[in-house]
Amino acid sequence: WAQFNVQWAQILKDYKAKCFHFREWAMASAVVRGKRAPHRSFNENPYSQWSEADLNSFLLELAQVAGTRKQGTFGGFISLERFNERKAVGEILIGEDHRDYCLHRCFNAFIDVLRKHRHLSTLVSFFWDGTRNIAWKQRIIAAYEPFRKNNLNFKGITFADDENTNPIQAADMVAYRIRQKIEKRFNGDPDVMSKLDKALFGDGVGGRIKFTQ
């Protein structure tokens, strides 16, 4: 992670970027490609004056760094519509909230990763994207505590400012792209492995992420 931080910070410095947010990057990319019109506050977007070439090279360079930490990466996607359908037929408990369900599945998925990678049995610190939403933070902690009590290698959980925490910026990139790809497959839309995907996830071999239908 020390090496990752140095590499990530250097790219930000090279492009004179304060940090990376995929949502802001995606908006700037859509505007510069003529896919959507800029909104009123678009000038506040940190990439609003960037060229398409700079946007693309910036993203790809960061992805190549983020891709080096892919071992143990996991992700998921939930359809609220399907969740409610399963609740209606009794497959999910009545009253269960989809956010609590996702949090529970998140920590379960992480435990599965630990089981598959025995050498990752060191103490684990969770860094969560900071939020001012107290109710959401309480939900996260409430979901985390039962897992912490049953897993001695769960060291603690921290809510960090993504602008000052490079790994959270990389996680934002991975999560945003996984969501884009799974949404396409969920909706039956065509999906291909782009240069970004290959940098982030590899080609599905050698322990790298493989997307399945």
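Look above for the structure.
The structure reproduced in this document is the subject of the present report. (Residues numbered from 1 in each chain as written. Predicted model: local features only at pLDDT ≥ 70, side-chain atom pairs only at ≥ 80, totals over all residues. Heavy atoms only, no water.)

**Regarding the nonpolar core**
The biggest cluster of nonpolar side chains holds 31 residues, and the ones touching the most others in it are Trp8, Phe20, Trp25, Phe58 and Met173. Among the elements of the structure, α1 (2-14), α2 (22-32), α3 (52-66), α7 (166-186) and α8 (195-201) are those that each provide at least two residues to this core. Counting residues per element, this core draws most heavily on α3, which supplies seven residues. Beyond its immediate sequence surroundings of up to four residues, Met173 is in contact with Trp8, Phe20, Phe22, Leu59, Leu62, Ala63, Ala66 and Leu200. Ranked by size, the runner-up nonpolar core spans 13 residues in total, among them Leu103, Phe110, Leu114 and Val124. (Core = buried A, V, L, I, M, F, W, Y, C linked by side-chain atoms within 4.5 Å. Buried < 20%, exposed > 50% of the residue type's maximum accessible area, 1.4 Å probe, protein only. Helix = DSSP H or I, 4+ residues; strand = E, 2+ residues; numbered from the N terminus. Contact = heavy atoms within 4.5 Å.)

**A short note on α2**
Of all 11 residues making up α2, eight are buried, and the element is well covered by its neighbours. When we look at burial in α2, the residues that qualify are Phe22, Trp25, Ala26, Met27, Ala28, Ser29, Ala30 and Val31. Elements that come into contact with the buried residues of α2 comprise α3, α7 and α8. Gly34 sits one or two residues past α2 and shows a positive phi near 75 degrees.

**Topic: the packing of α1 against α7**
The N-to-C vectors of α1 and α7 enclose an angle of 75 degrees; their axes lie 10 Å apart at closest approach. Taken as axis vectors, α1 and α7 run roughly perpendicular relative to one another. Of the residues in α7, those touching α1 at Phe4, Asn5, Trp8, Ala9 and Leu12 are Asn166, Pro167, Gln169, Ala170 and Met173. Partitioning the contact of α1 with α7 into residue classes produces seven nonpolar, three polar and no charged. (Axes fitted to C-alpha atoms, helices over the stretch in contact; angles between N-to-C directions. Parallel < 35°, antiparallel > 145°, perpendicular 65-115°, else oblique. Nonpolar A, V, L, I, M, F, W, Y, C, P; charged D, E, K, R; others polar.)

**Section: the pattern of salt bridges**
With the rule as written, the count across this model stands at nine salt bridges. The salt bridge partner of Lys18 is Glu163, with a shortest N-O separation of 3.3 Å. Of this pair, Lys18 sits in the loop between α1 and α2 while Glu163 sits in the loop between β2 (154-160) and α7, placing them 145 residues apart in sequence. The shortest N-O distance in the salt bridge between Lys181 and Asp197 comes to 3.1 Å. Taken together, the residues Lys181 in helix α7 and Asp197 in helix α8 connect sequence positions 16 residues apart. Through salt bridges that share partners, Asp97, Arg99, Asp100 and Arg139 make up one connected network. (Salt bridge = Lys/Arg side-chain N within 4 Å of Asp/Glu carboxyl O.)

**A short note on the packing of aromatic side chains**
To describe a pair of aromatic rings, you give the distance between the ring centres and the angle between the ring planes. The final tally for this structure, using the stated rule, is 22 aromatic pairs. Arranged with centres 5.2 Å apart and planes meeting at 80 degrees, the rings of Trp1 and Phe4 form a pair that is edge-to-face. A relative accessible area of 51% means that Trp1 is categorised as exposed. On the basis of relative accessible area, Phe4 is assigned to the buried category, the value being 3%. Pairwise contacts between aromatic rings join Trp1, Phe4, Trp8, Tyr15, Phe20, Phe22, Trp25, Tyr47, Trp50, Phe58 and Tyr176 into one cluster. The side chain of Lys137 reaches across the aromatic face of Phe159, ending 4.9 Å from its centre. (Phe/Tyr/Trp six-rings, centres within 6.5 Å; stacked < 30°, edge-to-face > 60°. Lys NZ or Arg CZ within 6 Å of the ring centre and 35° of its normal.)

**Regarding the pairing of β2**
Here six bridges tie strand β1 (residues 124-129) to β2, and the two strands are oriented parallel to one another. When the sheet's bridge partners are listed, Phe126 is paired in β2 with Ile157. In this fold, β1 hands off to helix α6 (residues 134-150), which returns the chain to β2; that crossover is right-handed. (Pairing = 2+ DSSP bridges. Right-handed = clockwise from strand over helix to strand, strands pointing away.)

**Section: α1**
Taking 1.5 Å of rise per residue, the 13 residues of α1 would be expected to cover 18 Å, and the 19 Å separating its terminal C-alpha atoms lies within 8% of that figure. Every buried residue of α1 is listed here: Phe4, Trp8, Ile11 and Leu12. On an axial view of α1, the arc spanned by its buried residues comes to 100 degrees, and they lie on one face. Among the exposed residues of α1, those oriented more than 90 degrees off its buried face are Ala2, Gln3, Val6 and Lys13. Just downstream of α1 lies Lys16, where phi reads positive at about 55 degrees. (Expected span 1.5 Å × (residues − 1). Arc of directions from axis to C-beta.)

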